[in-house]
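Breakdown of the fold
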Amino acid sequence: MFFEQLGGNLIQGVVLGAVYGMATMGLSLIFGVLKVVNVGHGAFIMVGAFVTLFLFSSLGISPIIAIPVAFMVGMGLGFIFYYTTIRKLIKAPELATLLATFSIGVLLEELIKLIFGSEFRGYNWAVGKIDLGITVLPMSKLYACIGSILIAVLLFLWFKKTRAGSAVRSVVEDSEGARVCGINVGGAYALSFSLGIGLTVASGVLLTMFIPVGINPYMGGGYTLKAFVIAVLGGLSSPYGAFFGGLVFGLIENGSYTLFAYIPGVEPFALTRFLSFVILLVILLIRPTGILSAK
Amino acid sequence: MKQIPKYFPLIPVFAAYAIMFLVAENMEGMWQLMSMLLFYCALGQAFNVFMGMTGYVDFGYVAFLGVGTYGMALSITRLVQYEFLGAWIIVIGFGLAMVMSTLLSMAVGAVALRLRGAYFAIATIGVNEGFRFLIEGARIWNGSEGMIFTADLNKVLGRDTAAALCTYWADIMVLVIAALAAFVTLVYMRSKIGYALTALREDEDAAKVMGINVTKYKIIAFITSACFAGLLGATAWALKTPYVFPPEVFEIHYTIEAIIIVMLGGAGTLLGPVVGGLVYGISKYYLSIFLPGFQLLIFAPVILVIIVLFPEGIVGMMKAKTKGTGMARFIV
């Protein structure tokens with residue numbers, strides 16, 4: 001009984017983990033290239049959720065179509081914020097970019113609240129489900145998982161096969177050297193930042209398939225923390241590390257939920273969120289040098 | 001003679017507090033606004049001890065206020081049955097608030113202060129979330145139901161005294177905490193701690209090479225700042241509104257407010273948090289009257305503008321303007 005439950009939850013964990021991983025790739029990409037921690041990460045995920053909600057509820061457009069739309073919206077937002085604020089702060093102390101991305105997050109939350117209101121909303125995308133025996137998997141979640149993997153592969157190919165992708169890689173390697181070789185470093189920064197934001201907003205679309213009624217302007221906060229845990233698990237500056245970190249995190253979260261549910265007198269959901277905080281601190285504690293040297 | 005000029009910069013700070021107090025006392029209907037302004041000034045002063053002096057941003061700062069609130073709440077609700085203690089449970093509450101915020105800051109500091117910049121911010125951003133979910137998840141201290149202790153307070157102090165404590169004396173205590181935080185900030189600035197932290201803020205590696213024990217001074221500033229937050233939580237939250245709910249006391253927006261106040265006034269200056277607290281508090285108060293619900297929408301771009309265009313804040317600019325004049329002695 002217990003093992004069936006655990007097995008079922010772990011399957012759900014892998015599916016969710018792939019989406020978590022995808023939701024963190026943007027954060028790691030931006031940190032890897034620009035050394036900027038996007039503290040407003042969750043707010044961009046929230047924007048993606050609202051893009052989905054708007055397209056689906058108001059225009060009747062499928063969430064599958066919402067993925068590229070959200071990606072474009074994210075790229076646009078990325079370029080706007082890069083050229084208005086981030087570009088001016090690259091050389092400033094870390095404090096400045098932290099506060100700036102934080103304020104950008106707050107600004108987005110308040111703008112969305114102004115447009116859509118602050119109540120919880122959701123949508124119902126009924127595309128059937130498959131019964132695996134130990135657990136029932138809605139097709140929408142499976143699509144989200146497949147979508148995440150596809151996007152991760154596309155990003156990998158973009159890095160490997162395109163000129164822009166290799167330019168970004170060379171900037172990560174050595175930004176001064178890249179500049180000497182005639183690479184437009186500023187352009188690579190702008191592109192990476194917007195690409196990171198685009199991926200993050202697109203991941204918001206996929207995440208809505210897991211939270212049928214949890215869409216509201218302040219939903220991002222929890223995802224910011226989760227994304228940090230995942231990014232740190234995966235080594236913070238590597239988008240692929242982030243993807244695998246997401247898988248691991250999904251397994252830990254769902255597995256621990258099963259265990260906590262057996263302890264009487266506790267609230268398992270709140271405890272899984274506490275656990276993710278503990279994981280974050282423990283990783284930072286045991287590997288601070290390792291993680292710092294990755295810088 | 002040398003000792004007197006050292007504390008000159010406290011004059012404008014204390015003058016501002018005195019004016020706020022006098023306005024609140026003597027002008028009809030101003031008490032509420034002044035108590036809010038005092039809270040913001042105190043919050044800024046307390047936060048500035050760490051963020052302003054070290055340049056590290058603690059995104060989990062509000063957790064210390066929350067823990068302080070719980071310290072007071074626990075003391076009142078758990079000790080109310082021991083009648084011989086009487087009003088001492090308030091004093092014990094302050095003690096407990098300080099102890100609990102010190103312990104939490106030591107625990108968080110032990111992990112987070114090993115990290116720098118971005119990593120420090122990442123570690124602290126989860127602190128208030130983590131603590132809130134521990135309280136809710138493990139159902140400690142009444143879990144997500146929180147604690148309401150109006151009745152307990154009335155029982156111990158009597159209805160009239162309890163009401164006076166909530167509406168008058170709690171605000172006076174906030175004033176005392178604000179003044180104390182300003183004093184401690186100046187003492188730190190003028191001692192080895194301040195010089196060490198300035199060196200650290202400019203270049204941590206260089207400071208280390210110079211033989212400064214940066215970790216020690218960072219921890220001192222971190223714990224001091226957290227202690228003031230604990231006291232502030234115990235007064236401005238627990239005593240003024242005698243209840244505590246986890247989602248409210250661990251609300252990250254208070255951290256943003258603290259950051260805005262310090263940045264607006266000028267990080268690492270003595271007068272900055274007071275100026276920032278006044279400007280922020282007054283504009284928030286009037287915005288909430290004229291444009292209710294839009295405060296954050298307006299403040300978020302304001303912070304962006306400050307960071308990009310005026311990273312030194314208001315007092316930082318004043319400092320640059322008054323350099324070399326007689327005023328410079330007062331503005332630090």
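For the structure, check the block above.
Predicted model, so just to flag it, every value in this text is computed and none were measured.

This next bit is on the pattern of salt bridges. All names here are of chain B. One pass over the full model with this rule turns up 10 salt bridges over all chains. In this structure, K218 engages E204 in a salt bridge whose closest nitrogen and oxygen atoms are separated by 3.1 Å. Taken together, the residues K218 in helix α12 (residues 214-239) and E204 in helix α11 (residues 204-209) connect sequence positions 14 residues apart. Salt bridges sharing common partners tie together R116, E204, D205 and K218.

A separate point is the environment of A:Y20. Residue and element names in this part refer to chain A. For Y20, the position within the fold is in helix α1 (residues 2-34). Given a relative accessible area of 5%, Y20 falls into the buried group. Separated by 204 residues in sequence, Y20 and T224 have C-alpha atoms that sit 11 Å apart. Residues contacting Y20, with those up to four places away along its chain left out, are L207, Y223, K226, I230, G246, F249, G250 and E253.

Looking now at the nonpolar core. By size, the foremost hydrophobic cluster in this structure holds 225 residues, and its most contacted members are A:L34, B:Y17, B:F59 and B:I90. Of all the elements, helix α3 (residues 31-54) of chain B adds the most residues to this core, at 16 residues. Among all residues touching B:I90, those that are not within four sequence positions of it are B:M72, B:I76, B:L153, B:L157, B:L165 and B:L239.

Further remarks concern the environment of B:T185. All names here are of chain B. Mapped onto the elements, T185 comes out in helix α9 (residues 159-189). Overall, the relative accessible area of 0% leaves T185 in the buried class. For the pair T185 and M53, spaced 132 residues apart in sequence, the C-alpha separation works out to 9.0 Å. Ignoring anything within four residues of it in the chain, the contact list for T185 reads Q45, N48, V49, M53 and L270.

Moving on: the packing of aromatic side chains. This structure, assessed with the given rule, holds 40 aromatic pairs over all chains. Where A:Y82 meets A:Y83, the ring centres are 5.1 Å apart and the plane angle is 85 degrees; that geometry is what we call edge-to-face. An angle of 70 degrees between the planes, with centres 4.8 Å apart, marks the rings of B:F50 and B:F222 as edge-to-face. Pair noted here: B:F50 is in helix α3 and B:F222 is in helix α12, with a separation of 172 residues, a long-range link. Here B:F50 falls in the buried class, since its relative accessible area comes to 2%. These aromatic residues form a ring-pair network of at least three members: B:F47, B:F50, B:Y56, B:Y61, B:F64, B:F120 and B:F222. Positioned above the aromatic ring of A:F31 is the side chain of A:K35, whose terminal nitrogen or guanidinium carbon lies 5.6 Å from the ring centre.

Residue A:K35 is not a glycine yet carries a positive backbone phi of 60 degrees. With respect to the element layout, A:K35 can be found in the loop between α1 and α2 (41-59). With a phi angle near 70 degrees, B:N142 is a residue other than glycine that sits in the positive phi range. Mapped onto the elements of the fold, B:N142 is located in the loop between α7 (127-137) and β1 (147-148).

So, on to the packing of α3(B) against helix α15 (residues 272-290) of chain B. Residue and element names in this part refer to chain B. With their axes 8 Å apart at the nearest point, α3 and α15 run at an angle of 140 degrees to one another. It follows from the interaxial angle that α3 and α15 lie oblique. The hand of the α3/α15 crossing is right-handed. Contacts between α3 and α15 involve L33, M36, L37, Y40, C41, G44, Q45 and N48 on the former and, on the latter, P273, V274, G277, L278, Y280, G281, I282, K284, Y285 and Y286. Its residues placed into classes, the contact of α3 with α15 shows 12 nonpolar, 5 polar and 1 charged.

What counts, and at which threshold
Every chain is numbered independently, its residues counted from 1 as its sequence is written. To read the labels, note that chains go from A and ligands from 1, taken in the order they are written. The predicted origin of the model limits local features to residues at a pLDDT of at least 70 and limits the giving and counting of side-chain atom pairs to 80 or more, whereas totals for whole chains, interfaces and linings rest on all residues. As a rule here, side-chain values come from all non-hydrogen atoms in the structure, and water together with hydrogens is ignored. One side-chain nitrogen of Lys or Arg within 4 Å of one carboxyl oxygen of Asp or Glu is enough to make a salt bridge. Helix and strand assignments follow DSSP, with helices taken as H or I runs no shorter than four residues and strands as E runs no shorter than two, numbered in order from the N terminus. Only protein chains enter the accessibility calculation, which uses a 1.4 Å probe; a residue whose area is less than 20% of its type maximum is buried, one above 50% is exposed, and one in between is partly exposed. Only heavy atoms enter the contact rule, under which two residues are in contact if any of them lie within 4.5 Å. Among the buried residues, those of types Ala, Val, Leu, Ile, Met, Phe, Trp, Tyr and Cys that are joined through side-chain atoms within 4.5 Å form a nonpolar core. Note on aromatic contacts: the rings of Phe and Tyr and the six-membered ring of Trp form a pair at centre separations within 6.5 Å, being stacked when their planes are under 30 degrees apart, edge-to-face when over 60 apart, and tilted otherwise. Placement of a positive charge over a ring is assigned whenever Lys NZ or Arg CZ falls within 6 Å of the ring centre and within 35 degrees of the normal to the ring plane. The axes used here are C-alpha line fits, helices contributing only the stretch in contact, and every angle between their N-to-C directions lies in the interval 0 to 180 degrees. Each angle is binned into one of four classes, with values under 35 degrees roughly parallel, values over 145 roughly antiparallel, values of 65 to 115 roughly perpendicular, and all other values oblique. Crossing handedness is read from the near helix: turned anticlockwise from the far helix by less than a right angle, it gives a left-handed crossing, and turned clockwise, a right-handed one. Under the convention adopted here, Pro, Cys and the residues Ala, Val, Leu, Ile, Met, Phe, Trp and Tyr are nonpolar, Asp, Glu, Lys and Arg are charged, and Gly plus all remaining residues are polar.

The values reported here are purely geometric and, on their own, carry no functional implication.
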